Amino acid sequence: MKARLDMLCGAISRALDIVEEELYHASEYHCMRIAVLSTAMGRQLNLPENRLIALSIAALFHDSALTEYIRSEQTGDDQEENLHLHCELGQRNLETLPFATDISGLVLYHHEHADGTGPFGKRKGEFPLEAELIALADHIDVRVPLQRVLVGNLPWLLGRVKELAQGSFSQEVIDALLTVLDEQMLVSLRNDYIHASLDKALPSWSIDLHDPAIIHISQMIARIIDYKSVFTRKHTIQIANRAYVMADYYGYDDSQKGQIYLAAALHDIGKIAIPLAVLEKPGQLDSQEFKVIQRHVSYTLDWLSMIPGFEDICQWASNHHEKLDGSGYPLGKTAKDLDFNSRLLACIDIYQAVSEKRPYHDARSHEDTMAILQSMANNGLVDMRITADIDAVMAPYSLKDVPLPTCLQDGCHV
Ligand SMILES: [Fe+2]
Ligand SMILES: [Fe+2]
Ligand SMILES: [Fe+2]
Ligand SMILES: [Fe+2]
């Protein structure tokens, strides 16, 4: 079964853009614009298809480590060191994806200038052309509101690009940008067109759902989501690890384990769109705030349902707050609509949320957590058999983290 990896990357990047806007006050859809622009520049420079794929995905993820970067910035660390860290962690995120071409330096050097004045002091020829394309698009987008430039102001914009780029970037890269920045491009960079423009710009890239790389991609997604809030820092990765352990217990094959792991990694991706003030509120949420937080599953459903090949994964991920008696959300599904993996992720999500430390409760032991999960099973909200299995399998991990699947600890694949 093949799934569109380019569209999954697009969905993650949409989510990332929301975080960056909220935490970093970056302009809306920054990474999507950089991807559309730099891919067009790469096409203009006749890059072959596999390099275009790597370029477009690197552009989408060029700021993927921004949340990690901002968190360390908030601790008052050295600015220059932070910029290095931002580039290094972003490169590490990119390297989890299974490219068929060399991607070294693509994100690592996305703040370099051809004249050697970037954070790593690299000059033209010492870092990849793709990184320079991303760097120039980024350099312009943070200085000029490209999403709002009117078509009639194109000559002004081209003059401004020359002014801002001359000296710092190579002529070949400046010329590529000046060529692709036409009236049609200006329209496609507008906020109301950018989603459609991204779908058109991304070269098609599929992954087999049996590919072991799925686990590594999942870990990157989980890490990005968990960095949104200090209070849920380990929530996603722990749910993915617990799902893997349960899948092992049920005798799933490697491919099934990979898919449930990915669904678990994606289940709360919609939380990225929820304001931090609500996510990190110390104390119980009022009914209005609870409604806001409930929307996260609708975002998960919206984003994942767009990806061909992700039909099952989307169901399992977006059913995690549904209850067997129809009292859950977002759709109020009942037992007949909830398959085994949906029920499994729902139970694991409750187990993790109840057991982990939150602003309004301390970490709970396995026994205390099971008392809550069991009473929900007794009341017909969650699956009774899965609850019993979780009781048996999770007991050894009371007040401890569930480690990564062993196959990932020693660097081998599933
Ligand atoms: Fe950056
Ligand atoms: Fe950026
Ligand atoms: Fe959730
Ligand atoms: Fe969750």
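Because the structure is a prediction, the values reported are computed rather than measured. (Residues numbered from 1 in each chain as written. Chains lettered and ligands numbered in written order. Predicted model: local features only at pLDDT ≥ 70, side-chain atom pairs only at ≥ 80, totals over all residues.)

Engineer: Is there a simple way to think about the overall build of the chain in this case?
Structural biologist: Broken down by element type, the chain carries 20 helices and two strands. Against the 2.2 N^0.38 benchmark of 22 Å for 414 residues, the chain shows a C-alpha radius of gyration of 22 Å, consistent with a compact globule. Reported as C-alpha extents along the three principal axes, the dimensions of the chain are approximately 70 × 45 × 40 Å. Here the chain holds 414 residues, and 46% of them are scored as buried. Sequence separation of at least 24 residues holds for 69% of the intrachain contacts in the chain that already meet a minimum separation of 6. (Helix = DSSP H or I, 4+ residues; strand = E, 2+ residues; numbered from the N terminus. Rg over C-alpha atoms; globule rule 2.2 N^0.38 Å. Buried ≥ 20, exposed ≤ 12 C-beta atoms within 10 Å, placed from the backbone. Contact = placed C-beta atoms within 7 Å.)

Engineer: Which parts of the structure should I look at to understand the nonpolar core?
Structural biologist: Buried together is how nonpolar side chains tend to be arranged in soluble globular proteins. Counting residues in each nonpolar core, the largest one holds 114 residues, and the members touching the most others are Ala58, Leu136, Leu177, Ala243 and Cys347. Per-element accounting of this core gives the leading share, nine residues, to helix α1 (residues 5–24). Counting contributing residues per domain, this core is built from domain 1 (2–206) and domain 2 (210–409), each supplying no fewer than three. Excluding residues within four positions of it along the chain, Cys347 makes contact with Leu373, Val382, Asp383, Ile386, Thr387 and Ile390. (Core = buried A, V, L, I, M, F, W, Y, C linked by C-beta atoms within 7 Å. Domains from an automatic or database assignment.)

Engineer: Just checking my understanding: could you explain the packing of helix α12 (residues 235–249) against helix α17 (residues 340–355) for this structure?
Structural biologist: The description of two helices packed together rests on the angle between their axes and the distance between the axes. Running from N to C, α12 and α17 cross one another at 130°; their axes reach a closest spacing of 10 Å. Our classification of the angle between α12 and α17 gives oblique. Here α12 and α17 pass one another in a crossing that is right-handed. Taken together, the residues of α17 that come into contact with α12 (itself represented by His235, Gln238, Ile239, Arg242, Ala243 and Met246) are Leu344, Leu345, Ile348, Asp349 and Gln352. Among the residues making up the contact of α12 with α17, the classes are represented as six nonpolar, three polar and two charged. (Axes fitted to C-alpha atoms, helices over the stretch in contact; angles between N-to-C directions. Parallel < 35°, antiparallel > 145°, perpendicular 65-115°, else oblique. Left-handed = near helix turned anticlockwise from the far one by under 90°. Nonpolar A, V, L, I, M, F, W, Y, C, P; charged D, E, K, R; others polar.)

Engineer: Please clarify how the packing of helix α2 (residues 30–44) against helix α8 (residues 171–180) should be interpreted in this entry.
Structural biologist: For the pair α2 and α8, interaxial distance at closest approach is 9 Å and the crossing angle is 110°. By the angle between their axes, α2 is roughly perpendicular relative to α8. Residues Leu37, Ala40, Met41 and Gln44 of α2 lie in contact with α8, whose contacting residues are Ala176, Leu177, Thr179 and Val180. Of the residues in the contact of α2 with α8, the class split is six nonpolar, two polar and no charged.

Engineer: Any chance you could explain the domain arrangement of the chain here in plain terms?
Structural biologist: The extent of an interface is frequently quoted as the accessible surface area lost upon association of the parts. Considered domain by domain, the chain is made up of domain 1 (2–206) and domain 2 (210–409). Placing the centre of domain 1 and that of domain 2 at their C-alpha centroids yields a distance of 32 Å. Contacts between domain 1 and domain 2 engage 21 residues on the former and 22 residues on the latter. Of all the secondary structure elements, the ones that give two or more residues to the side of domain 1 that touches domain 2 are β1 (2–4), α1 and α4 (66–74). No other element matches α1, which puts ten residues into the side of domain 1 that touches domain 2. Here the side of domain 1 that touches domain 2 is composed, by residue class, of eleven nonpolar, four polar and six charged.

Engineer: Mind showing me how you'd approach unusual backbone geometry here?
Structural biologist: When glycine is set aside, most residues are seen to have a negative phi, and most peptide bonds are trans. Here the residue pair Tyr329 and Pro330 is connected by a cis peptide bond, since its omega of 10° sits within 30 degrees of zero. For Pro330, the position within the fold is in the loop between α16 (311–318) and α17. At Tyr29, a residue that is not glycine, the phi angle is positive and equals roughly 60°. Within the secondary structure, Tyr29 sits in the loop between α1 and α2.

Engineer: Before we go on, may I ask you to explain the environment of Ile217 in this structure?
Structural biologist: When you line up the elements, Ile217 lands in helix α11 (residues 213–226). Residue classification places Ile217 among the buried residues on the basis of 23 C-beta atoms within 10 Å. Put simply, Ile217 and Cys9 are 208 residues apart on the chain and 9.7 Å apart in space, counted from C-alpha to C-alpha. Apart from the residues lying within four places of it in its own chain, the contact partners of Ile217 are Thr96 and Leu97.

Engineer: Is there a simple way to think about α2 in this case?
Structural biologist: Residue pairs three or four apart in sequence face the same way in an α-helix, which turns once every 3.6 residues. For α2, spanning 15 residues, the distance from its first C-alpha to its last is 21 Å, which sits close to the expected 21 Å at 1.5 Å a residue. Of all 15 residues making up α2, 13 are buried, and the element is well covered by its neighbours. Remark: Asn46 follows α2 within two positions and exhibits a positive phi of approximately 60°. (Expected span 1.5 Å × (residues − 1).)

Engineer: Where do I start with the environment of Val292 in this structure?
Structural biologist: Its location among the elements puts Val292 in helix α15 (residues 287–305). In this structure the C-alpha to C-alpha distance between Val292 and Ala346, which are 54 residues apart in sequence, comes to 20 Å.

Engineer: How should the confidence of the model for the chain be read in this particular structure?
Structural biologist: Should pLDDT be low for a region, the predicted coordinates there are not to be read in detail. Chain-level statistics for the chain give a pLDDT mean of 90 and a share of 93% at 70 or above. Here residues 410–414 scores under 50 on pLDDT; set against residues more than four positions off or in separate chains, the count is nine contacts. (pLDDT = per-residue confidence, 0-100.)

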